[in-house]
Amino acid sequence: MSIRGEIGVWFPEEKKLKVIYNHYDSYLKGIGKELLEDYNSFELAKKVIDGDYNNEESEDEYSTEELWLCSLDGSDREYAYLFKDEKWYYTECDCNLIFDRNWKVLTEEVVNS
């Protein structure tokens with residue numbers, strides 16, 4: 001079974017959010033852990049958008065986080081990850097297919113719990 005998600009990186013100079021789809025292992029102990037351990041700076045996070053995970057679909061762009069999360073409501077995505085202000089954040093879908101609007105900081109404690 002696939003755990004689908006999306007990964008976004010905020011580009012402050014461009015004032016936009018670039019987002020890609022991830023089809024497999026989007027849960028916290030999967031891609032969450034990998035993002036935290038291997039892509040933990042802006043330069044590394046950009047690599048996720050530029051090709052390390054961008055093999056399923058093309059990238060999307062949004063002007064705000066809220067617009068992105070609204071696009072996820074009712075979708076088959078279960079997790080969303082955001083790199084912003086030199087940190088990874090995550091949020092997840094509840095049982096009603098509505099994404100939580102409160103980003104949580106992705107930490108080692110979270111991915112190892």
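One can find the structure itself at the top, above this paragraph.
Residues numbered from 1 in each chain as written. Predicted model: local features only at pLDDT ≥ 70, side-chain atom pairs only at ≥ 80, totals over all residues. Heavy atoms only, no water.

Chemist: Is there a simple way to think about the sheet that holds strand 6 (residues 104-105) in this case?
Modeler: By definition, the strands of a sheet pair up through backbone hydrogen bonds, in either a parallel or an antiparallel sense. Spatially, the six strands line up as an open sheet ordered 3-2-1-4-5-6, and their pairing is mixed. In the strand order of this sheet, the two ends are held by strand 3 (60-62) and strand 6, each with one partner. Sheet topology places strand 5 (residues 87-92) next to strand 6; two bridges connect them, and they run antiparallel. Of the residues in strand 6, the one forming a bridge with tyrosine 89 is valine 105. Contacting strand 1 (5-11), strand 2 (16-22), strand 4 (79-84) and strand 5, helix 1 (residues 28-38) crosses the sheet at an angle of about 10° to strand 4. Relative to the sheet, helix 3 (residues 65-72) contacts strand 1, strand 2, strand 3, strand 4 and strand 5, its axis offset from that of strand 4 by approximately 165°. (Pairing = 2+ DSSP bridges. Helix = DSSP H or I, 4+ residues; strand = E, 2+ residues; numbered from the N terminus. Contact = heavy atoms within 4.5 Å. Axes fitted to C-alpha atoms, helices over the stretch in contact; angles between N-to-C directions.)

Chemist: Honestly, the pairing of strand 5 in this entry has me stumped. Any pointers?
Modeler: The side chains of a regular strand alternate between both faces of the sheet. As paired strands, strand 4 and strand 5 are joined by six bridges and run antiparallel to one another. When the sheet's bridge partners are listed, lysine 84 is paired in strand 5 with lysine 87. Counted between consecutive antiparallel strands, the loop separating strand 4 from strand 5 contains two residues, among which aspartate 85 sits at a positive phi close to 55°.

Chemist: Just to check I follow, could you spell out the packing of aromatic side chains for this structure?
Modeler: To describe a pair of aromatic rings, one takes the distance between the centres and the angle between the planes. According to the stated counting rule, one finds four aromatic pairs in the structure shown. Centroid distance tyrosine 79 to tyrosine 81: 6.3 Å. Interplanar angle 15°. Geometry classified as stacked. A relative accessible area of 14% places tyrosine 79 in the buried class. One cation-aromatic arrangement involves lysine 18 over phenylalanine 11; the distance from NZ or CZ to the ring centre is 4.5 Å. The ring centre of tyrosine 90 lies 5.4 Å from the NZ or CZ of lysine 104, which sits over that ring. (Phe/Tyr/Trp six-rings, centres within 6.5 Å; stacked < 30°, edge-to-face > 60°. Buried < 20%, exposed > 50% of the residue type's maximum accessible area, 1.4 Å probe, protein only. Lys NZ or Arg CZ within 6 Å of the ring centre and 35° of its normal.)

Chemist: Help me understand the pattern of salt bridges, please; the structure alone is not making it clear to me.
Modeler: Opposite charge on two side chains allows them to pair when their charged atoms are near. All told, the structure shown has eight salt bridges when counted by the stated rule. With a shortest N-O distance of 3.4 Å, glutamate 14 and lysine 16 are connected by a salt bridge. The partner of arginine 77 in a salt bridge is aspartate 76, and the shortest N-O contact between them spans 2.6 Å. Taken together, the salt bridges that share partners define one network made up of Arg4, Glu6, Asp76 and Arg77. (Salt bridge = Lys/Arg side-chain N within 4 Å of Asp/Glu carboxyl O.)

Chemist: What is the right way to look at the environment of cysteine 93 in this model?
Modeler: Structurally, cysteine 93 can be placed in the loop between strand 5 and strand 6. By relative accessible area, which is 17% here, cysteine 93 ends up buried. Discounting residues that sit within four places of it in the chain, cysteine 93 has contacts with Arg77, Glu78, Ile98 and Phe99.

Chemist: Would you take a moment to explain a negative patch on the surface for this structure?
Modeler: Judged by side-chain charge, Asp25, Glu34, Glu37, Asp38, Glu108 and Glu109 come together as a negatively charged surface patch. Of all elements in the fold, only helix 1 and helix 4 (108-111) reach the threshold of two or more residues within the negative patch. Take the negative patch: its biggest share by element is three residues, from helix 1. Examined against the element boundaries, aspartate 38 turns out to sit in helix 1. We classify aspartate 38 as partly exposed; its relative accessible area is 43%. (Patch = residues over 30% accessible without salt bridge, like charges linked within 9 Å, V, L, I, M, F, W, Y side chains within 5 Å. Areas by Shrake-Rupley, 256 points an atom, 1.4 Å probe, with all protein chains shown as cover. Lys, Arg positive; Asp, Glu negative; His and termini not counted. Charge placed at Lys NZ, Arg CZ, Asp CG, Glu CD.)

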